[in-house]
Amino acid sequence: MAKPSRRQILSGLSAGVGTLLAGCTAAPDESNATSTATAGGSSQPNPTQSVPEFPGDTASDACPPFDDAAQVVCYEAVDPEALPLVLVPETQTVKLDQPTDFTLRNRSGQWFETNFYNWQLYKRVDGDWYYIMPRATPQPLTPLAAGEAHIWTLTVTTGSVSDGAAIDMVQGTETLSVDGLGGGHYAFATDGWFEAGSYEEPIALAASFDLQADPLQLTPTAAIAETEWNGETLVVRSTRGEAGDDGDEHDAYILERLDDSGPDAEQVIIEQVVRDDQLRDAIALSQEYDAARVRIEEFTGSIPPFGLDDSRIYEFRGERYQVTTRAGDSP
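## Things to note about helix H4 (residues 277-289)
An ideal rise of 1.5 Å per residue puts 18 Å on 13 residues; H4 measures up with 18 Å between its terminal C-alpha atoms. When H4 is considered as a whole, its buried residues turn out to be Asp277, Gln278, Leu279, Arg280, Asp281, Ala282, Ile283, Ala284, Leu285 and Ser286. Directly after H4, the chain includes Asp290, whose backbone phi takes a positive value near 50°.

Right, here's the structure in full:
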């Protein structure tokens, strides 16, 4: 659930893993008046250039802290007309089904190296920020030219969670339709670096908004086909996945409710939980049936099962849960 670190991101670029500080480490193919072209066609910064300066303190508690960023530019903390680069919200009060634009403006004299797929959405709950989405991000470098702007249009819809549908993965560079969000304080963000700078010292840009919507209610997905008790364990059969030609066994996703002692747990909020189908089903059914142990059986087709190679401990709404997985033929 936690946002991957920059070290994890750079190691996963070739696999197309989701990213906080996105973009390839190579420079873009384009060259311009302030760049020099190499033999391979990529642009290199002019050594006489310097990174544009930002006046004063541009960070704010209204936006996430972006610990990996060298500079944080929060819309609430700045005069947007005085900055070389800023992310501007169309409105800071968003309603369901109301398209809202977020505009990245580059008023500097340099290219801004970024990735338009790498928009980010966070939510603040009880003073802490939680990364929501996207859960995976394509990795092209899409530089923003000097004097240009790029617009993302976000529309928050509703209904999937209460209807039992899985939350669709959202990827895109312009039009973003997002479900599975409850009311509260959010931030839309992106990042990158100027051509005279370095990807190792990225600039994060964010703008916060309040979403006017009801809180989400945690319900299982419609993929739950059967439930039965086996001793103290609620055994659940899901319709997700298909058996292979060799008659694969179901893999098992096991959630156990813990007491208050023990190792630290990762705090998660409902907007994160509903984006993980197995975790969503397991916690929702644990609450519905008052089950201290839930075992979901389904075909995953992945090694390790469900992509988890070790146990995870989560804390959700005051309850602690441990998640483990077992391959189909494991006891």
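## A few points about the environment of Leu308
Of note, Leu308 is situated in the loop between strand S18 (293-298) and strand S19 (312-316). Residues in contact with Leu308, not counting those within four places in the same chain, are Tyr253, Val323 and Thr325.

## Description of the environment of Thr114
For Thr114, the location among the structural elements is in strand S7 (residues 112-114). Counting along the chain gives 76 residues from Thr114 to Thr190, while the straight-line C-alpha distance between them is 8.2 Å. At a separation of 2.7 Å, a polar atom in the side chain of Thr114 contacts the main-chain carbonyl oxygen of Asp191.

## A few points about the confidence of the model for the protein
On average, residues of the protein carry a pLDDT of 85, and 83% of them reach 70 or more. Contacts for the low-pLDDT stretch residues 4-43, under 50 throughout, to residues beyond four places or in other chains number 87 contacts.

## Considering the nonpolar core
Membership of the largest hydrophobic core comes to 35 residues, with the highest contact counts inside it found for Phe188 and Phe209. If you list the elements that add at least two residues to this core, you get strand S4 (85-89), strand S6 (100-106), strand S9 (128-133), strand S10 (149-156), strand S11 (175-178), strand S12 (184-194) and strand S13 (203-212). With five residues, the single largest contributor to this core is S13. Residue contacts for Phe209: discarding those within four places in its chain leaves Thr91, Gln92, Val94, Phe102, Leu121, Leu154, Gly184, His185, Tyr186, Ala187 and Phe188. One finds Val161, Ile270, Tyr314 and Phe316 within the second-largest nonpolar core, a separate group that totals 26 residues.

## What about unusual backbone geometry?
For residues other than glycine, phi is negative in most cases, and the peptide bonds are mostly trans. For the peptide bond that leads from Met133 to Pro134, omega is 0°, which places it in the cis range. Note on placement: Pro134 falls in the loop between S9 and S10. Ile303 connects to Pro304 through a cis peptide bond whose omega is 0°. Tracing the chain through its elements places Pro304 in the loop between S18 and S19. Even without being glycine, Asp97 reaches a positive phi, approximately 65°.

## What about the environment of Gln267?
Considering the arrangement of structural elements, one finds Gln267 in strand S17 (residues 266-267). Gln267 sits in the partly exposed class, given a relative accessible area of 38%. Between the alpha carbons of Gln267 and Tyr314 there is a distance of 5.9 Å; along the sequence they are 47 residues apart. Aside from chain neighbours lying at most four places away, what touches Gln267 is Tyr130, Gln272 and Glu315. A polar contact is formed between the side chain of Gln267 and the side chain of Glu315, at a distance of 3.3 Å.

## Description of the state of the cysteines
Within the structure shown, the criterion is met by one disulfide. In this model, Cys63 is linked to Cys74 through a disulfide, with the two sulfur atoms separated by 2.1 Å. Here the disulfide of Cys63 and Cys74 is right-handed, its torsion about the S-S bond being about 70°. With a gap of 11 residues between them, Cys63 in the loop between strand S2 (43-45) and strand S3 (71-74) and Cys74 in strand S3 connect regions that are remote in the sequence. With a relative accessible area of 2%, Cys63 lands in the buried category. Taking relative accessible area as the criterion, Cys74 reaches 0% and is therefore assigned buried.

Criteria and thresholds
Residues numbered from 1 in each chain as written. Predicted model: local features only at pLDDT ≥ 70, side-chain atom pairs only at ≥ 80, totals over all residues. Heavy atoms only, no water. Helix = DSSP H or I, 4+ residues; strand = E, 2+ residues; numbered from the N terminus. Expected span 1.5 Å × (residues − 1). Buried < 20%, exposed > 50% of the residue type's maximum accessible area, 1.4 Å probe, protein only. Contact = heavy atoms within 4.5 Å. Polar contact = N/O pair within 3.5 Å; in protein donor to acceptor, adjacent residues only side chain to side chain. pLDDT = per-residue confidence, 0-100. Core = buried A, V, L, I, M, F, W, Y, C linked by side-chain atoms within 4.5 Å. Disulfide = S-S within 2.5 Å.

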